[in-house]
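# Structural characterization, general
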Amino acid sequence: MNQLKIRYRWNEIPWRQLEKSSFKLQKRIYRASQNNDIKSVHRLQKLLLRSKSGKFMSVRRVTQDNQGRKTAGIDGISDLNQEQRLDLVESLSLNEKSKPVRRIWISKRGKTEKRPLGIPTIADRAKQALMKMALEPEWEAKFEPNSYGFRPGRSCHDVYEAIFEALKRKTAFVLDADISGCFDNINHSVLLKKLNTTPTIQRIIKGWLKAGMMENSLFYATERGTPQGGIISPLLANVALHGLEYDTKQALSKDLFQYKKEKSGKASYINTQKMMSIIRYADDCVVLHESKDIVLKAKSFVEEWLKKIGLELNSSKTCITHTLKSSGNNQIGFDFLGYTVRQFPVNHSKKGYKLLIKPSRKAQKRHAQVIQEKLKSMRGLTQAAVINCLNPIIKGWSRYYIPGVSRKVFERMDHDMHYKLWKWALYRHPHKGKGWVRRKYFRKHGNDIWRFKTHKEEILVRHSDFHIKRYTKVSGVKSPYDGDMVYWARRLGRSPTMPPRVVKLLKVQRGKCELCQLWFRSGDLMEVHHRDQQRSNNRNENLVLLHRHCHDDIHRASCI
């Protein structure tokens, strides 16, 4: 390591070579796990945990790529410079005892209650990132196909498409299950047993789970749960919940077979299990089937299954509804991940109904409230400042919902936003006439004469500017560790949440970073770089797409 420090500075390290080396090991772990070659999996994981490439990649991820890289743990250290990063790589040892995490509380979106976060030290974050590099490929080969939360290459939109595929040809009863305090209550011994890994890795992970928390200079022991905020915590939560879909279908296989036989007169165990859909995103889960009795039995089994790992369903958020007909709670359909899933009766279809998945009323209300609060806090700011503040909020919300049936919702949100903007403008000029206010803040844009726009052509985007774009679900059990980089690069460019400029650059650069020439992968942070360092020059030939760390290296080199 000393020779490496003398030979290279941080931005001169051969990152392309290191990333290829570490990813090659991850692919081998994935394939060995697919083949159920446990001995090779453990041998390759041990090799990756000891490798220089793995240590460098994990340190770069937590100090350059992660959004929370400037958040300190109990030691107060954050935002390392180049020399400190090299020192961290040199001193990185999984055998050291981990330090307690720093507990902070953050507000839940749209709620008064708060969620606890556990922030490890930056050294422990690097160790967890290294361990995740070794464990994630093994479990990506094992995870169930309808598990989508906190997994590379999968997103909320895959859940949306999975639900659509399950309901497009049938009506169904729905168990909308919410696990209470999933991250805080997982049983440690059951989780470690389920990991089924080497004694060394098991000891290291157990040390992180039992490290404890510090809050207001007081120490709290952690006997249960995986603290939210740790890099490896989402992976461990997925491991704990792995098997829920398979075990539920196996337990109800006789009931599913009997229902199918009574309905159609013939059945097979393989086809009958496909009639039930269990779709999970992190700690939220839905169970879909045509029979209410089977859904009720599924609920009972899920409750018993969760008890084994120390979890339980949240009774206030868990309910059973029907997608087309009113049930006991007078609710039709269900809300999941910000969408409302519901079937509506129609006369022009042989099925007699149509399935619509659109933004939920709660999501619309939260978004409208955010815009209202922002405008209220910016009464003294200029029109340009309002536009710069609201545009990212509107773009992010609209891009999330463009795969759904959202056109009418977008138009309604635009109408509501226009009313709020008009009130904002009138408040600023109480002694001016409405005609004067209109001419000052609203200008012609295309065929629209009421567009919120400055005299310098700065314009506020509208929700209806975003056209509906259908999304393609990830194929089966495919994973970014299978080595099919062309498939994953194409999917990255088709993500509905990706800005159009980034999508265009991804296509031009064929899914590769302009500087390091490595493929962009799921979870990579990408930034648009201006070749001439002038952010106002947005001509196509002046823009390139880079990894965040590559972008940092370019600007750091230009400052030397």
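Note that this is a predicted model, so its numbers are computed, not measured.

Right, let's get into the overall build of the chain. A tally of helices and strands in the chain yields 22 helices and 15 strands. For the chain, the spread of C-alpha atoms along the principal axes amounts to about 75 × 75 × 50 Å. Expressed as a percentage of its 560 residues, the buried residues of the chain come to 50%. The long-range fraction of contacts in the chain, counting pairs at least 24 apart against all pairs at least 6 apart in sequence, stands at 67%. Summing over all exposed atoms, the chain offers an accessible surface of approximately 28700 Å²; the carbon and sulfur share of this is 49%. Both charge centroids of the chain, one from 108 positive and one from 53 negative side chains, sit 4 Å from each other.

Bringing the sheet that holds strand 11 (residues 353–359) into the picture now. Across the sheet, 3 strands lie side by side as 9-10-11; this open sheet has antiparallel pairing. This sheet does not close on itself; its edge strands, each paired only once, are strand 9 (334–336) and strand 11. Here the strands of the sheet are splayed against their neighbours by 25° on average, with no regard to which way each runs. Inspection of the sheet shows strand 10 (residues 339–345) paired to strand 11 by 7 bridges, in the antiparallel sense. Paired with valine 341 across the strands is isoleucine 357, a residue of strand 11.

For the rest of this paragraph, the subject is the pattern of salt bridges. For side chains of opposite charge, pairing can occur when their charged atoms come near one another. Evaluation of the coordinates by the stated rule reveals 25 salt bridges. The salt bridge partner of glutamate 136 is lysine 132, with a shortest N-O separation of 3.9 Å. Taken together, the residues span about one helical turn, with glutamate 136 and lysine 132 both in helix 6 (residues 122–140) at a distance of 4 residues. Glutamate 514 is the partner of arginine 531 in a salt bridge, and the nearest nitrogen-oxygen pair spans 4.0 Å. Here arginine 531 is found in the loop between strand 14 (526–530) and strand 15 (543–547), whereas its partner glutamate 514 is found in the loop between helix 21 (500–508) and strand 14, with 17 residues between them in sequence.

Bringing the nonpolar core into the picture now. Residues Met131, Ile205 and Leu306 are the most contacted members of the largest nonpolar core, which totals 71 residues. Ranked by residues supplied to this core, first place goes to helix 6 with 9 residues. Ignoring any residue separated from it by four or fewer positions in sequence, one finds isoleucine 205 in contact with Met131, Leu135, Leu192, Leu195 and Leu236. Counting residues in each nonpolar core, the second largest holds 35 residues, with Tyr148, Phe336, Ile357 and Phe466 among its members.

Time to look at helix 10 (residues 199–209). Those residues of helix 10 that sit buried are Ile201, Ile204, Ile205, Trp208 and Leu209. All buried residues of helix 10 fall inside an arc of 140° around its axis, so they share one side. Residues of helix 10 that are buried in the fold lie against helix 3 (38–50), helix 6, helix 9 (188–195) and helix 11 (233–241).

This part covers the packing of helix 12 (residues 244–251) against helix 15 (residues 292–307). In contact at an axis separation of 10 Å, helix 12 and helix 15 are set at 130° when each is read in the N-to-C sense. Relative to helix 15, helix 12 is oriented oblique. The chirality of how helix 12 crosses helix 15 is right-handed. Where helix 12 abuts helix 15, its residues Leu244, Asp247, Thr248 and Ala251 lie against Ala298, Phe301, Val302 and Trp305. Residues of the contact of helix 12 with helix 15, tallied by class, amount to 6 nonpolar, 1 polar and 1 charged.

What follows is about the packing of helix 16 (residues 361–377) against helix 18 (residues 407–428). For the pair helix 16 and helix 18, interaxial distance at closest approach is 10 Å and the crossing angle is 20°. With respect to their mutual orientation, helix 16 and helix 18 come out roughly parallel. Remark: the crossing between helix 16 and helix 18 carries right-handed chirality. In contact with Gln364, His367, Ala368, Ile371, Gln372 and Leu375 of helix 16, helix 18 contributes Val409, Arg412, Met413, Asp416, Met417, Lys420, Leu421 and Trp424. Classifying every residue of the contact of helix 16 with helix 18 by side-chain character gives 8 nonpolar, 3 polar and 3 charged.

Taken in spatial order, the 4 strands of this open sheet run 2-1-4-5, and their pairing is mixed. Looking at the sheet topology across the chains shown, the edges are occupied by strand 2 (114–119) and strand 5 (218–220). Adjacent strand axes in the sheet meet at a mean angle of 40° when their direction is disregarded. Where strand 1 (residues 101–107) meets strand 2, 6 bridges bridge the pair, whose relative direction is antiparallel. Following the sheet pairing, isoleucine 106 is matched in strand 2 by arginine 115.

Within the secondary structure layout, threonine 321 lies in strand 8 (residues 319–322). Its relative accessible area of 1% is what places threonine 321 among the buried residues. Separated by 120 residues in sequence, threonine 321 and tyrosine 441 have C-alpha atoms that sit 47 Å apart. Separated by 3.1 Å, the side chain of threonine 321 and the backbone oxygen of glycine 333 make a polar contact.

For serine 33, the position within the fold is in helix 2 (residues 15–34). Setting aside chain neighbours within four positions, we find serine 33 in contact with Val41, Glu138, Ala141 and Lys142.

Applying the stated criterion to the full structure yields 0 disulfides. For the unlinked cysteine cysteine 182, the closest cysteine sulfur is that of cysteine 285, found at 11 Å. Cysteine 513 supplies the cysteine sulfur nearest to cysteine 550, a cysteine that is in no disulfide, at a spacing of 3.8 Å.

What follows is about the confidence of the model for the chain. On average, residues of the chain score 89 in pLDDT, and 96% of them reach the 70 mark or higher. Every residue in residues 1–6 scores below 50 in pLDDT, and together they form 10 contacts with partners more than four places removed in sequence or on other chains.

This paragraph deals with the packing of aromatic side chains. The final tally for this structure, using the stated rule, is 21 aromatic pairs. Ring geometry for phenylalanine 150 and tyrosine 281: centres 6.5 Å apart, planes at 40°, overall tilted. Here tyrosine 281 lies in strand 6 (residues 277–281) and phenylalanine 150 lies in the loop between helix 6 and helix 7 (156–167), a separation of 131 residues in the sequence. Look at phenylalanine 150 and you get partly exposed, because its relative accessible area is 42%.

This part takes up unusual backbone geometry. In this structure, leucine 337 takes a positive phi of about 55° despite not being glycine. Here leucine 337 lies in the loop between strand 9 and strand 10. One non-glycine residue, glutamine 517, lies in the positive phi region at around 60°. Counting through the fold element by element, glutamine 517 comes out in the loop between helix 21 and strand 14.

Criteria and thresholds
Each chain has its residues counted from 1, running along the sequence as written. Confidence filtering applies because this is a predicted model: local features only for residues at pLDDT of at least 70, side-chain atom pairs given and counted only at 80 or more, and all residues used for totals across whole chains, interfaces and linings. Where side-chain values are given, they derive from all heavy atoms of the structure, hydrogens and water being excluded. Secondary structure follows DSSP: runs of H or I at least 4 residues long count as helices, runs of E at least 2 residues long count as strands, and numbering of each begins at the N terminus. Only protein chains enter the area calculation, which uses a 1.4 Å probe; residues under 20% of their type maximum are buried, those over 50% are exposed, and those in between are partly exposed. Here, residues are in contact when the closest pair of their heavy atoms is within 4.5 Å. Computed with a 1.4 Å probe, the accessible areas rest on the Shrake-Rupley method; for each residue, only the protein chains presented here act as cover. Charge convention: Lys and Arg are scored as positive, Asp and Glu as negative, and His as well as the terminal groups of each chain are ignored. We put the charge of a Lys on NZ, of an Arg on CZ, of an Asp on CG and of a Glu on CD. When DSSP finds two or more bridges between a pair of strands, those strands are recorded as paired. Fitting a line to C-alpha atoms yields each axis, with helices limited to the stretch in contact; the angle taken between N-to-C directions then spans 0 to 180 degrees. A pair is scored as a salt bridge if a Lys or Arg side-chain nitrogen falls within 4 Å of a carboxyl oxygen belonging to Asp or Glu. Put simply, a nonpolar core is a bunch of buried Ala, Val, Leu, Ile, Met, Phe, Trp, Tyr and Cys residues held in one set by side-chain atoms that sit within 4.5 Å of each other. As used here, the arc belongs to the directions running from the helix axis to the C-beta atoms. In this scheme, roughly parallel covers angles under 35 degrees and roughly antiparallel covers those over 145, while 65 to 115 is roughly perpendicular and the rest are oblique. Helix crossings get a hand from a simple test, with the near helix turned counterclockwise from the far one by less than a right angle marking a left-handed crossing and a clockwise turn marking a right-handed one. Three residue categories are used. Nonpolar comprises Ala, Val, Leu, Ile, Met, Phe, Trp, Tyr, Cys and Pro, charged comprises Asp, Glu, Lys and Arg, and polar comprises the others, including Gly. Pairs of N or O atoms within 3.5 Å make up the polar contacts considered here, provided that, within protein, one atom can donate a hydrogen while the other can accept it, and that residues adjacent in sequence are counted only when both atoms are side-chain atoms. Defined by distance alone, a disulfide is two cysteine sulfur atoms within 2.5 Å. As a per-residue quantity, pLDDT reports the predictor's confidence and falls between 0 and 100. Within 6.5 Å between ring centres, the rings of Phe, Tyr and Trp (the latter by its six-membered ring) count as paired, and their orientation is classed by plane angle as stacked under 30 degrees, edge-to-face over 60, tilted in between.

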